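# Structural overview
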Number of protein chains: 2
Amino acid sequence: MTPTRTLQLHSTVHEDSTVTLALVEADLPETGPDDVVVRMEAAPINPSDLGVMFARAEMSTLVRDTSVAAHAVRATLTPEAMQAAAGRIGLTIPAGNEGGGVVVAAGTSDAAQALLGKVVGIRGGAMYAQYRCIAAQHCLVLPDGTAPVDAASCFVNPLTALGMVETMRMEGHTGLVHTAAASNLGQMLQKICTADGIPLVNIVRTPEQAALLRRIGATHVCDTSQPAFTDDLTNALAETGATLGFDATGGGDLTSHILAAMEAAANRSATAFSRYGSTVYKQVYVYGSLEAGPTVLHRTYGMSWGVGGWLLTHFLRRIPPETAARLKHRVAAEITTTFASHYTKVVSLAGALEPEAIAQYSKRATGQKYLIDPTRA
Amino acid sequence: MTPTRTLQLHSTVHEDSTVTLALVEADLPETGPDDVVVRMEAAPINPSDLGVMFARAEMSTLVRDTSVAAHAVRATLTPEAMQAAAGRIGLTIPAGNEGGGVVVAAGTSDAAQALLGKVVGIRGGAMYAQYRCIAAQHCLVLPDGTAPVDAASCFVNPLTALGMVETMRMEGHTGLVHTAAASNLGQMLQKICTADGIPLVNIVRTPEQAALLRRIGATHVCDTSQPAFTDDLTNALAETGATLGFDATGGGDLTSHILAAMEAAANRSATAFSRYGSTVYKQVYVYGSLEAGPTVLHRTYGMSWGVGGWLLTHFLRRIPPETAARLKHRVAAEITTTFASHYTKVVSLAGALEPEAIAQYSKRATGQKYLIDPTRA
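Residues numbered from 1 in each chain as written. Chains lettered and ligands numbered in written order. Predicted model: local features only at pLDDT ≥ 70, side-chain atom pairs only at ≥ 80, totals over all residues. Heavy atoms only, no water.

Let's shift gears to the interface of chain A and chain B. Contacts between chain A and chain B engage 37 residues on the former and 37 residues on the latter. For the chain A and chain B pair, buried surface summed over both sides reaches about 2,900 Å², with 59% attributable to carbon and sulfur atoms. For the interface between chain A and chain B, the tally reads zero salt bridges. Counting the contacts that link chain A with chain B gives 15 residue pairs in polar contact (both at pLDDT 80 or more). Those elements that place two or more of their residues in the side of chain A that touches chain B are α1 (47-54), β15 (250-252), β17 (291-297), β18 (305-309) and α9 (312-318) of chain A. (Contact = heavy atoms within 4.5 Å. Buried area = accessible area lost by both parts, 1.4 Å probe. Salt bridge = Lys/Arg side-chain N within 4 Å of Asp/Glu carboxyl O. Polar contact = N/O pair within 3.5 Å; in protein donor to acceptor, adjacent residues only side chain to side chain. Helix = DSSP H or I, 4+ residues; strand = E, 2+ residues; numbered from the N terminus.)

Spelled out as structure tokens, the structure:
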């Protein structure tokens, strides 16, 4: 029988400058001919989910609030966070960008029927739920025998990592720099670059993170906690010729530091002084905001540089459908190898609303990753 | 008779963290068959020249130094400025990016001979000199009857203004934003945009600058000194749909402010809340450094944005030769109208080394513009 109701995690920003995240029951949309219903069994809490869930609230103010629902929390937003959230005040936003599960009901079309019983990865919001109705064509069907937990993180990290490599090729670069490089995403990127023979310079914050990356085959790892960091980075950039960076931190001056090191590396092979800097084009995309606060650009790297935002959904809109299909095919084929994710803790939907759990997973610390299993009581 | 020697202004950064600018006599290179010798009669002091002349020295430390030459000055560099100047320590760099004059000698080729007696605009360094030897093909030949003073500023400002419009077209934007908009360059840009029907949003710092631009036909002028600046800017951006900015200031958060206003303008027509911001691509190029200090990006404008360096010489390398020829032809045809420059003071080569003059022209103040006339004693 097709499910018609589901428990979901809903986030709402209120006029009184608070945000609530609550476990509520909601209707599932009617299953159209081309739709399927997925019983969600695993959905990760990614950094990109936290913004939807908590709207950049001050997490120290978070408390339980049973006036909203039996399982609910509330936190307070700063005026800046409130301004950024202006467009969503009063809206109920179901959280969860991606997840994995089993198709338990299907519309009448052949495409939908063909998915019955399959393990699929899906994305698009409202994934922190018992059930999710979605168009069959948007399901990433995994090889038979795949565990639903392995389908949890098919999109955000794998396609972001592949998207970085595609962007590099599309924009004429031949090597990459990546920050927060010991993350799940960073490890995937290292594995892709190893397999594809792409030079990758990893930037991490601790010797433990550096060791982790070296264990999976990284050759260039630069640790910001080491005194020789700038020299190490410049040497690695000179060796690899990497001129495209992806920065997950966003705030602070790491982006600027990378551009300066790229320029220093480029000038090592310069034959004459150029007062406007090298003509080598250097680009860093900011794709995350692990560090709040502004991006500070010191502009000490000539005039041939660019910084910009990079977002997976914009990237997917920009590439031809056949490229997107190729990337997704690779994810499905390598879901338990290149694109395997690791979670430190599994919680239920209600468990994700426990203040102690929130205090942990909202830290965005490398190696700390929570998974929601909506089948758990 | 072909001149063989010339007086020139030479800049040198020394190991002791000082920079000297001196009037010295130097050999002219031998005139090749395709070369001409231009008697320089007018060369502007542009902001882009100041970096070559003084290497970002602390101008308060500037003193005469007759140990170098009869006419010479010396100033001290901060450690940061010294680091930025690392590539030019001990080098003698002849200053002056562009200028105008009369062809007084020519090589044996027809192309060179054809220029004898012509008034030309030229660029490429070493323009603060009595004579400059240059390839005939690099001369912008002006219509007969043009005064050499009108040939002084054929390149930097006119081609930068035209380059902004070309960049806009090449990158798919339909309107422009410009800061420090009351400058000579800004006035040219307004005239081009008026003639070509391109929406232009001008950003200025004083009511006087706003009035100046309105007098030459500007319709959108936003004054940062006014309390309604942010609203004015957002309204102008919503009306014009301008999504490409050129920022001459560089330091501070004006670039970020423009991106935020573009985003706010884009969101006015949005129909649904998008948690990653609008999909409208917003770009600001930093083409100058009127404000020292870092560029501060607040990243409150979603993920569809870019910031980068923009340099005329890189732009000219990027466009096809026929486009460059078209732009130069327009400059020559409109040199006394669209591309007319105004100077507040004319000095000799020695006069450009007077500390009182330097104190004035190194301020980079709008409406303050010096011209060097090397024919003056």
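On we go.
To continue, consider the relation of the copies chain A and chain B. Between chain A and chain B, the superposition needs a rotation of 180 degrees and an axial shift of 0.0 Å, giving an RMSD of 0.0 Å. Put plainly, the chains are arranged around a two-fold axis. Take the interface residues of chain A: 100% of them recur as interface residues in chain B, which is what a same-surface contact looks like. (Least-squares fit on C-alpha atoms with pLDDT ≥ 70 in both.)

Moving on to the pairing of strand β7 (residues 98-106) of chain B. Residue and element names in this part refer to chain B. When you tally the buried positions in β7, you get eight out of nine residues, the bulk of the element. Relative to β7, strand β3 (residues 35-44) runs antiparallel, the two sharing six bridges. Counterpart to V37 in the pairing with β7 is A105. Here β7 pairs with strand β8 (residues 119-123) via five bridges, running antiparallel. Among the inter-strand pairings, G101 is bridged to a residue of β8, identified as V120. (Buried < 20%, exposed > 50% of the residue type's maximum accessible area, 1.4 Å probe, protein only. Pairing = 2+ DSSP bridges.)

Quick look at empty space enclosed by the protein now. Over the atoms, a rolled probe matching the size of one water molecule traces out where space is still vacant. All names here are of chain B. Overall, the coordinates contain one cavity of 30 Å³ or more when judged by the stated rule. Volume-wise, the largest cavity comes out at about 50 Å³. Lining the largest cavity, in full, are V149, D150, S153, I335, F339, A340, S341 and Y343. Among the residues making up the lining of the largest cavity, the classes are represented as five nonpolar, two polar and one charged. (1 Å grid on protein atoms, 1.4 Å probe; cavity = no way out; pocket = protein on both sides within 12 Å on 5 of 7 lines; lining within 4 Å. Points joined across faces, edges and corners; volume = space filled by probe spheres on them. Nonpolar A, V, L, I, M, F, W, Y, C, P; charged D, E, K, R; others polar.)

Attention now moves to the sheet that holds strand β5 (residues 72-76) of chain A. Residues and elements named next belong to chain A. What the five strands build is an open sheet, ordered β4-β5-β2-β1-β6; its pairing is antiparallel. Lying at the two open borders of the sheet, with one neighbouring strand each, are β4 (58-64) and β6 (93-94). Inspection of the sheet shows strand β1 (residues 5-13) paired to strand β2 (residues 18-27) by nine bridges, in the antiparallel sense. Looking at the pairing, V13 lines up with V19 of β2.

So, on to the nonpolar core. Counting 42 residues, the largest nonpolar core has A:L237 and B:L237 as the members making the most contacts within it. Discounting chain neighbours no more than four positions away, the residues touching B:L237 are B:V177, B:V201, B:A242, B:I258, B:A261, B:M262 and B:A265. (Core = buried A, V, L, I, M, F, W, Y, C linked by side-chain atoms within 4.5 Å.)

The next point concerns the sheet that holds strand β4 (residues 58-64) of chain B. Residue and element names in this part refer to chain B. Strand order in the open sheet formed by five strands is β4-β5-β2-β1-β6, and the pairing between neighbours is antiparallel. Every interior strand has two partners, whereas the edge strands, β4 and β6 (93-94), have only one. Direction of pairing for β4 relative to strand β5 (residues 72-76): antiparallel, over a ladder of three bridges. Looking at the pairing, E58 lines up with T76 of β5. This element, helix α1 (residues 47-54), spans β1 (5-13), β2 (18-27), β4, β5 and β6 of the sheet and lies at about 95 degrees to β2. (Axes fitted to C-alpha atoms, helices over the stretch in contact; angles between N-to-C directions.)

Taken as a whole, chain A shows an average pLDDT of 95; of its residues, 99% reach a score of 70 or greater. Prediction confidence for the complex, expressed as pTM and ipTM, is 0.89 and 0.88 respectively. (pLDDT = per-residue confidence, 0-100.)

Attention now goes to the pattern of salt bridges. Evaluation of the coordinates by the stated rule reveals 32 salt bridges over all chains. A:R5 is the partner of A:D27 in a salt bridge, and the nearest nitrogen-oxygen pair spans 2.8 Å. One end of the pair, A:D27, is in strand β2; the other, A:R5, is in strand β1, with 22 residues separating them in the sequence. In this structure, B:E41 and B:R39 form a salt bridge, with 2.7 Å as the shortest nitrogen-oxygen distance. Each of A:E166, A:R169, A:D196, A:R326, A:R330 and A:E334 takes part in one network of salt bridges that share partners.

Structurally, A:T295 can be placed in strand β17. One polar contact links the side chain of A:T295 to the main-chain carbonyl oxygen of A:G250, over a distance of 2.9 Å. A distance of 2.9 Å separates polar atoms of two side chains, one belonging to A:T295 and the other to B:R299. Residues within four places of A:T295 in sequence aside, it is in contact with A:G250, A:G251, A:G252, A:T255, B:T295, B:V296, B:L297 and B:R299.

A separate point is the environment of B:G125. All names here are of chain B. Relative to the helices and strands, G125 resides in the loop between β8 and β9 (131-135). In this structure, the C-alpha to C-alpha distance between G125 and L327, residues 202 residues apart in sequence, is 21 Å. Excluding residues that lie within four positions of it along the chain, G125 makes contacts with P94, A95, G96, N97 and R132.

In this section: α1(B). All names here are of chain B. If you check which residues of α1 are buried, you get D49, L50, V52, M53 and F54. For α1, the buried positions fall inside an angular range of 165 degrees around the axis, keeping them on one side. A55 sits one or two residues past α1 and shows a positive phi near 50 degrees. (Arc of directions from axis to C-beta.)

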